[in-house]
Amino acid sequence: MPSGLLPLTLVAAVAAIALWVVVRYPALAPRSVSGLSGWLAAAVTLTLAARPTFVLLGPIAGRVAALVVVEVTSGVCMMLAVAWTTLWVMRSLAATPR
């Protein structure tokens, strides 16, 4: 397997999982600015904690397994934050009179 294939596969898988959550469970999306801000803060926190978590899990589970666990968790959270922020902005713009 080429060295660049695993990260691309993980990003595609994370995006597919996030899209599935957005489409399947639309009620989970935050409806207020505070809810959206909380989700964005959680996504950034998980992303910042990804490297230390990878360092801790690497020797226990193996480097590839740790990468998959950390990437999927933080990636899905970040992709959901982006999708829900985009949906919130679109709904806000659609609700304002022109």
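Here the residue numbering is sequential within each chain, running from 1 through the sequence in written order. Where local features are concerned, this predicted model is filtered to residues with pLDDT of at least 70; where side-chain atom pairs are given and counted, the filter is 80 or more; whole-chain, interface and lining totals use all residues. Excluded from the side-chain calculations are hydrogens and water; all other atoms, namely the structure's heavy atoms, are used.

1. Some details on the environment of methionine 79
Here a helix means four or more residues in a row that DSSP labels H or I, a strand means two or more in a row labelled E, and each is numbered from the N terminus. Here methionine 79 lies in helix 4 (residues 63–95). Taking the C-alpha atoms as reference points, methionine 79 and tryptophan 39, 40 residues apart in sequence, are found 11 Å from one another. Beyond its immediate sequence surroundings of up to four residues, methionine 79 is in contact with Val11, Val14, Ala15 and Ala18. Contact between two residues is taken to exist if any of their heavy atoms lie within 4.5 Å; hydrogens are not considered.

2. Details of the packing of aromatic side chains
What describes a pair of aromatic rings is the distance from one ring centre to the other and the angle between the planes of the rings. Whether two aromatic rings pair depends on their centres lying within 6.5 Å, for rings of Phe, Tyr and Trp, where Trp uses its six-membered ring; planes under 30 degrees apart make the pair stacked, over 60 edge-to-face, and the rest tilted. The full count for this structure, using the stated rule, is two aromatic pairs. Ring geometry for tryptophan 20 against tyrosine 25: centres 5.5 Å apart, planes inclined by 85°, an arrangement best described as edge-to-face. With relative accessibility at 36%, the residue tyrosine 25 sits in the partly exposed group. Burial here depends on accessible area, computed with a 1.4 Å probe over protein chains only, as a share of the maximum for the residue type. Under 20% is buried, over 50% is exposed, and the range in between is partly exposed.

3. Notes on a nonpolar patch on the surface
Residues enter a patch when their relative accessible area is above 30% and they make no salt bridge; the linking distance is 9 Å between like charges and 5 Å between nonpolar side chains (Val, Leu, Ile, Met, Phe, Trp, Tyr). To measure how exposed things are, a 1.4 Å probe is used in the Shrake-Rupley method; for residues, cover is taken only from the protein chains shown. Salt bridges, as used here, are contacts in which a Lys or Arg side-chain nitrogen is within 4 Å of a carboxyl oxygen on Asp or Glu. Judged by side-chain polarity, Trp20, Tyr25 and Leu28 come together as a nonpolar surface patch covering roughly 340 Å² of accessible area. Looking at where tryptophan 20 falls in the secondary structure, it is placed in helix 1 (residues 5–24).

4. As for the nonpolar core
Formed by Val14, Ala18, Val21, Val22, Ala29, Leu36, Val76, Leu80 and Trp84, the largest nonpolar core amounts to nine residues. Elements supplying a minimum of two residues to this core: helix 1 and helix 4. Top contributing element to this core by residue count: helix 1, with four residues. Residue contacts for valine 76: discarding those within four places in its chain leaves Val14, Ile17, Ala18 and Glu71. The nonpolar core is taken to be a set of buried Ala, Val, Leu, Ile, Met, Phe, Trp, Tyr and Cys residues, with the residues joined through side-chain atoms within 4.5 Å.

5. So, helix 1
A helix is expected to span 1.5 Å for every residue after the first. Taking 1.5 Å of rise per residue, the 20 residues of helix 1 would be expected to cover 28 Å, and the 28 Å separating its terminal C-alpha atoms lies within 8% of that figure. Every buried residue of helix 1 is listed here: Leu10, Val14, Ala18, Val21 and Val22. Down the axis, helix 1 shows its buried residues gathered within 105° of arc, on one side only. Away from its buried face by more than 90 degrees, helix 1 exposes Leu8, Leu19 and Val23. By arc we mean the arc of the directions from the helix axis to the C-beta atoms, nothing more.

6. Topic: the side chain of serine 74
Within the element layout of this structure, serine 74 appears in helix 4. Each residue touching serine 74, except ones within four places of it in the same chain, is listed here: Leu46, Thr47 and Ala50.

7. Focus on the environment of methionine 78
Of note, methionine 78 is situated in helix 4. Put simply, methionine 78 and leucine 6 are 72 residues apart on the chain and 19 Å apart in space, counted from C-alpha to C-alpha. Residue contacts for methionine 78: discarding those within four places in its chain leaves Ala43, Val44 and Thr47.

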